[in-house]
Amino acid sequence: IVIENDLTEFLGPRLLLAGTAPRIVERLEEMASWGATNLILTILFGDPDDYAKRLAREVLAPLKR
């Protein structure tokens with residue numbers, strides 16, 4: 001539905017977080033500037049515990065500074 005309705009460029013920047021940890025921090029700060037206050041993650045690959053630990057260490061900790 002997204003591709004058929006040419007919504008990729010509209011929805012991607014609003015909903016997608018991908019890239020290096022610094023890039024994700026940057027995107028979260030950008031989303032916060034729009035008024036976003038919550039984050040929901042879906043872990044679809046790898047070890048969920050390891051992913052959550054890396055997220056806390058590499059993304060969330062820098063956001064608190």
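Above this note sits the structure.
Owing to the predicted nature of the structure, the values given are computational and were not obtained by experimental measurement. (Residues numbered from 1 in each chain as written. Predicted model: local features only at pLDDT ≥ 70, side-chain atom pairs only at ≥ 80, totals over all residues. Heavy atoms only, no water.)

Visitor: Would you mind going over the overall build of the protein chain with me for this structure?
Guide: Looking only at helices and strands, the protein chain features 3 helices and 0 strands. Sequence-ordered secondary structure for the protein chain, helices as α and strands as β, is α-α-α. The C-alpha atoms of the protein chain give a radius of gyration of 13 Å, which is well past the 11 Å a tight globule of 65 residues would have. Projected onto the principal axes, the alpha-carbon positions of the protein chain cover approximately 40 × 30 × 20 Å. A sequence separation of at least 24 residues applies to 31% of the contacts in the protein chain between residues at least 6 apart. Across the protein chain, the centroid of the 8 positively charged side chains sits 8 Å from that of the 10 negatively charged ones. (Helix = DSSP H or I, 4+ residues; strand = E, 2+ residues; numbered from the N terminus. Rg over C-alpha atoms; globule rule 2.2 N^0.38 Å. Contact = heavy atoms within 4.5 Å. Lys, Arg positive; Asp, Glu negative; His and termini not counted. Charge placed at Lys NZ, Arg CZ, Asp CG, Glu CD.)

Visitor: Mind showing me how you'd approach the pattern of salt bridges here?
Guide: It is possible for side chains of opposite charge to pair when their charged atoms get near one another. Summed over all chains, the structure comprises 4 salt bridges. The shortest N-O distance in the salt bridge between R57 and E58 comes to 3.4 Å. Its relative accessible area of 28% is what places E58 among the partly exposed residues. Residues joined by salt bridges that share partners form a network here, namely R54, R57 and E58. (Salt bridge = Lys/Arg side-chain N within 4 Å of Asp/Glu carboxyl O. Buried < 20%, exposed > 50% of the residue type's maximum accessible area, 1.4 Å probe, protein only.)

Visitor: Can you help me understand the packing of aromatic side chains in this one?
Guide: Given two aromatic rings, their pairing is described by the distance between the two centres and the angle made by the two planes. Going through the model one piece at a time under the given rule, you end up with 1 aromatic pair. Taken together, a centroid distance of 6.0 Å and an interplanar angle of 85° make the contact between F45 and Y51 edge-to-face. Its relative accessible area of 29% is what places Y51 among the partly exposed residues. Positioned over the ring face of F10 is R14, at 3.9 Å from the centre of the ring. (Phe/Tyr/Trp six-rings, centres within 6.5 Å; stacked < 30°, edge-to-face > 60°. Lys NZ or Arg CZ within 6 Å of the ring centre and 35° of its normal.)

Visitor: Please clarify how the nonpolar core should be interpreted in this entry.
Guide: Note that soluble globular proteins tend to have their nonpolar side chains buried in a common cluster. Counting 6 residues, the largest nonpolar core is built from A21, I24, V25, L28, L55 and V59. Secondary structure elements with two or more residues in this core: helix 2 (21-33) and helix 3 (48-64). Among the elements that take part in this core, helix 2 stands out by supplying 4 residues, more than any other. In this structure, A21 is in contact with E58 and V59, ignoring residues within four places of it in sequence. (Core = buried A, V, L, I, M, F, W, Y, C linked by side-chain atoms within 4.5 Å.)

Visitor: Just checking my understanding: could you explain a nonpolar patch on the surface for this structure?
Guide: Taken together, the side chains of V2, I3, L7 and F10 make up a nonpolar region of the molecular surface, amounting to roughly 370 Å² of accessible area. Mapped onto the secondary structure, F10 falls in helix 1 (residues 8-15). On the basis of relative accessibility, which here comes to 46%, the residue F10 falls in the partly exposed class. (Patch = residues over 30% accessible without salt bridge, like charges linked within 9 Å, V, L, I, M, F, W, Y side chains within 5 Å. Areas by Shrake-Rupley, 256 points an atom, 1.4 Å probe, with all protein chains shown as cover.)

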